[in-house]
Amino acid sequence: QPDFVMVYGIDDQMPERIREYKRRGFIVQLMTGVAWGEYQDYLYGKFDGRNHWDEAQVRRDGTQVLHGPDVPYMVPTIAFTEYLTQKIKPAVDAGVDTIHLEEPELWVQSGYSEAFKREYLLYYREPWQPPHSSVDAQYRASKLKCYLYARALDRICSALKEYALVKYGRRLRFIVPTHSLLSYAQIHMCSPESALMDLNSMDGYIAQIWTGTSRQANVYRGKRQERVFEMGFLEYGIMQELVRGTNRVMWFLQDPIEDNPNYTWEYYQQAYLQGLTSALLHPHISQYEICPWPSRVLLGKYPRRSPEAKPIPGSYATTLLSTTQALRDMDQPYEWIGGDAGIGILVADSCMYQRMYPDAYTIPQENRERGYEPEFSSFFGLALPPLKQGLRVLPVQLDNVRRFAGYLNPYQVLILSYEYMKPEQNDLHSALSLWVRGGGVLIVVGDGSDPFHAVRGWWNSDGNDYASPTQHLLEVLELGRELEDGRYPCGKGVVAMLNRHPSEIAYLPELADQYLALIRQAMAQSHNESLRLRPKNYFALRRGPYLIAQVMEDSVSPEPLEIPGRFVNLYDHRLRVLNGISLKPGENILAADLARYPDEICLVGSAGRVEDFACGKERYTFTVRGTLGTRVALRFLSPRPTRVCATAGGVACSMLSQYDAESKTLYLEADGTPDGVNVCVEIAP
């Protein structure tokens, strides 16, 4: 029972697929890939009479970057955008009012096709340079890749919005489902990210964050491993920055499995709950994509290549129904448990511009993370130590400082390093200076060793001779171009300096301790008495009647988190009642707090969609719909029932009924059906 479904792909059967779902009562939208797809008619000249294989992304060795046979990742030329525009028009004709253009991305390893060489010449007005030839060539090639997809999206969206309005008098919306900036930096891809905020034709985003992105390993205190919760927390954090200060919409993706079919159901469920918890700990977003590709979840068998592959366990299917219904109700007032201290780490789209080093640069053998690596340890070296202290580490989009007045005002502490990104304009530093002088705490980390400081930038051209953007920032702060390690007053604020490469913090525990001490001391030096580092091993948040919590592993303490009260565990397929919450490291929960429901009779947890609820003095009735082949489970706050009856299709059906007198809750369970089970609960008047 979703609010809408998305038909995928723009093949010849697309209009009929749209009509089929509409006939079944669904609101239908369209999603299609803009970087790759079944676009053979375009590639082989059937669309416009010209072969377009020269627009496939190409690596240095001349091989094409393929998603599958005859399915290359494309360079988004003008011709390609015209093709996509024409192919999407039938969806508009079929009545779709929202179109999702998925994952606009070019690989960092590409940039050698003839089409890209032409685009390079037109954009920079100079001949193409092989990206591997210098840091400048690599940086400029990646920057161009982001521009090309921003251009493509703007052209497609603007043209189709005009088409829908002129032909049908209908407004069309465009949504971009995209990985987070952190994910693209890790896996070496380029995508517009915050640049999409400058496109008036764009209406919102889906944060394509799931186990497949959040299980990407990172390094903390020298240990490289998956950290699904922590990675998800940071990924969702940067994605909410794409809509902060705008009227655009954001959906957080929740995928019950992932693209890799070779894990067990136990792994999928554990990772799903870690990722879901990390998303729910961002209370400013309350819309979710609940299940991409539901057929692979409800009909798939995993691990796929194992003789012991099996379908989804019934308990997991019921848990998915429960969490799905809870996600509908997350637009709630919120409050943090255990303090709400937050700390911002500045990131920029330019993180993606320097993810591959040229031939002339030799990666230091003692610390290869400072060069070409998937872990992006320059960022995680800064993010994970304070996150593991229980500080809400929020990636902050540096590019947005120029887009929104007062953008930095919600933050009291910011961490900045130019060893993994570069500022595109120098007036960013004036804004940072005003923020610090007004009372902010700025932690600057970097040793100036990043070879990308040598790219053609404002800091080393037009009369400027700064060795790095950091030197310009410090000068604007009136602290000189060079600064020793330590803390320095700056107006009402504090600047703290650590002259080390941030990736080293990921590897050296003693340096991580020094870094945390610097943060603690800088916070203590601020004029804000409430700004203090109080370590804890958990995050816990109330959203209306819901409580969300995660206790982290490898944190400051192995102690469990204890929260008194009476709760319903929405991560439990039986919706069990808990007399207090106790979570050990690695554990999480989404729970309904029974003390926060004022009505004597109300729905608390539902693995199934409850509709047509009506309550009288002697009975309450409702219909519950669920997925065929699953069990729906419900828990109500309720007086003890005298009778429970259920019918499906006008015929009496079986329904499990259990009453818990201590919590005054009624538990019901039945077979799921999309047509619904009609339930009547009789109570004493």
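Each remark here, short or long, concerns the structure printed above.
Rules used throughout
Residues numbered from 1 in each chain as written. Predicted model: local features only at pLDDT ≥ 70, side-chain atom pairs only at ≥ 80, totals over all residues. Heavy atoms only, no water. Pairing = 2+ DSSP bridges. Helix = DSSP H or I, 4+ residues; strand = E, 2+ residues; numbered from the N terminus. Salt bridge = Lys/Arg side-chain N within 4 Å of Asp/Glu carboxyl O. Buried < 20%, exposed > 50% of the residue type's maximum accessible area, 1.4 Å probe, protein only. Expected span 1.5 Å × (residues − 1). Phe/Tyr/Trp six-rings, centres within 6.5 Å; stacked < 30°, edge-to-face > 60°. Disulfide = S-S within 2.5 Å. Core = buried A, V, L, I, M, F, W, Y, C linked by side-chain atoms within 4.5 Å. Contact = heavy atoms within 4.5 Å. Axes fitted to C-alpha atoms, helices over the stretch in contact; angles between N-to-C directions.

Across the sheet, seven strands lie side by side as E1-E2-E5-E7-E9-E12-E13; this open sheet has parallel pairing. Two strands close off the open sheet at either side, each with one partner strand: strand E1 (5-8) and strand E13 (288-289). Where strand E5 (residues 98-102) lies against strand E7 (residues 173-178), three bridges are found, and the strand directions are parallel. Directly across from Ile-99, in E7, lies its bridge partner Phe-174.

Now for the pattern of salt bridges. Within the structure shown, the criterion is met by 40 salt bridges. Here Glu-126 and Arg-140 are joined by a salt bridge, their closest N and O atoms 3.5 Å apart. Placement of Glu-126 in the loop between helix H4 (114-124) and helix H5 (135-168) and of Arg-140 in helix H5 is noted, with a sequence separation of 14 residues between them. Residue class for Arg-140 comes out buried when judged on its relative accessible area of 13%.

As a further point, take helix H11 (residues 314-327). The end-to-end C-alpha distance of H11, which contains 14 residues, comes to 20 Å, matching closely the 20 Å that a straight helix rising 1.5 Å per residue would cover. Taking burial as the measure, the 14 residues of H11 include 12 buried ones, the bulk of the element.

Turning our attention to the packing of aromatic side chains. Under the counting rule described, the total for this entry stands at 44 aromatic pairs. With a centroid separation of 5.0 Å and 85° between ring planes, the pair formed by Phe-47 and Tyr-83 is classed as edge-to-face. With Phe-47 in the loop between helix H2 (40-43) and strand E3 (66-68) and Tyr-83 in helix H3 (residues 78-93), the pair connects residues that are 36 residues apart, well separated along the chain. Judged by relative accessible area, Phe-47 falls into the partly exposed class, the value being 33%. Relative to Phe-380, the ring of Phe-379 has its centre 5.1 Å away and its plane inclined at 80°; by these criteria the two rings are edge-to-face. Judged on exposure class, the residue Phe-379 and its partner Phe-380 are both buried.

Attention shifts here to the state of the cysteines. Counted by the stated rule, this structure contains zero disulfides. Note on Cys-190: no disulfide assigned, nearest cysteine sulfur contributed by Cys-146 at a separation of 4.7 Å. Unpaired in this structure, Cys-615 has its nearest cysteine sulfur neighbour in Cys-602, at a distance of 9.8 Å. Take Cys-615: its relative accessible area is 47%, and that puts it in the partly exposed class.

Counting 209 residues, the largest nonpolar core has Phe-379, Ile-443 and Phe-622 as its most contacted members. A per-element tally of this core places H5 first, with 14 residues. The residues contacting Phe-379, other than those within four sequence positions of it, are Leu-182, Leu-234, Ile-345, Val-347, Pro-395 and Tyr-420. The next biggest cluster of nonpolar side chains, apart from the first, holds 12 residues, and it includes Leu-547, Phe-567, Ile-581 and Ala-591.

This part is about the sheet that holds strand E32 (residues 656-660). With antiparallel pairing, the four strands of this open sheet are ordered in space as E26-E29-E33-E32. The open sheet has two edge strands with one neighbour each: strand E26 (602-607) and E32. Shown here is a sheet whose adjacent strand axes are inclined to one another by a mean of 15°, direction ignored. Pairing between strand E29 (residues 631-637) and strand E33 (residues 665-671): seven bridges, direction antiparallel. Each bridged residue has a counterpart across the sheet, and for Arg-635 the counterpart in E33 is Tyr-667.

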